[in-house]
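Topology and contacts: notes
Listed below, chain by chain, are the residues.
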Amino acid sequence: MREAMKVLAALLLILAIDPAFAQSDHDAQRRSQHPMPPPERRMSWEDRERLREQVRNGNMTRDEARERWREQHERRRTEPGPGRFSPEQREQLRRDVQEANRDLEKR
């Protein structure tokens, strides 16, 4: 009887500890993931699907598809687009925000 109680206590302890281990493992996985880039830098669903189809049909290898994606990604990163400012525009925007904050403090 005493041996059965020990086994039962061990099982209960394992069940009580297991969710804590699972939670800490999940947190570590979440922290290791990269944040998603802003929408203007993401490849559209249609573009990704087109690349997948080309790989499936044998028109290009996975490495070629990855290289094409990287090229498009770099191009989008360097091209001016919505939400992108030149260094001069950023500096002007920063000054405007500081000025607006000063005006708010005066009110």
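Just so you know, these numbers come straight off a predicted model, no measurement behind them.

1. Brief notes about the layout of surface pockets
Of the voids in this model, the largest pocket is the one considered here, and its volume is about 300 Å³. When residues of the lining of the largest pocket are traced back to their parent elements, those giving at least two are α2 (45-56) and α3 (62-78). Top contributing element to the lining of the largest pocket by residue count: α3, with 5 residues. Of the residues in the lining of the largest pocket, the class split is 5 nonpolar, no polar and 5 charged.

2. Points about the pattern of salt bridges
A full pass over the atoms with the stated rule returns 8 salt bridges. The partner of Arg-52 in a salt bridge is Glu-49, with the nearest N and O atoms 3.0 Å apart. Placement of both Arg-52 and Glu-49 in helix α2 is noted, with a separation of 3 residues, approximately one turn of the helix. For Arg-95, the salt bridge identified is with Glu-91, shortest N-O distance 3.7 Å. Here Glu-91 and Arg-95 lie together in helix α4 (residues 87-106), a separation of 4 residues that amounts to about one turn.

3. Topic: α2
Between its first and last C-alpha atoms α2 spans 16 Å; for 12 residues at 1.5 Å apiece the expected length is 16 Å, and the two agree. Gly-58 sits one or two residues past α2 and shows a positive phi near 85°.

Reading the values: the criteria
- Residues numbered from 1 in each chain as written.
- Predicted model: local features only at pLDDT ≥ 70, side-chain atom pairs only at ≥ 80, totals over all residues.
- Heavy atoms only, no water.
- 1 Å grid on protein atoms, 1.4 Å probe; cavity = no way out; pocket = protein on both sides within 12 Å on 5 of 7 lines; lining within 4 Å.
- Points joined across faces, edges and corners; volume = space filled by probe spheres on them.
- Helix = DSSP H or I, 4+ residues; strand = E, 2+ residues; numbered from the N terminus.
- Nonpolar A, V, L, I, M, F, W, Y, C, P; charged D, E, K, R; others polar.
- Salt bridge = Lys/Arg side-chain N within 4 Å of Asp/Glu carboxyl O.
- Expected span 1.5 Å × (residues − 1).

Remember that the coordinates give geometry; whether it matters functionally is a separate question.
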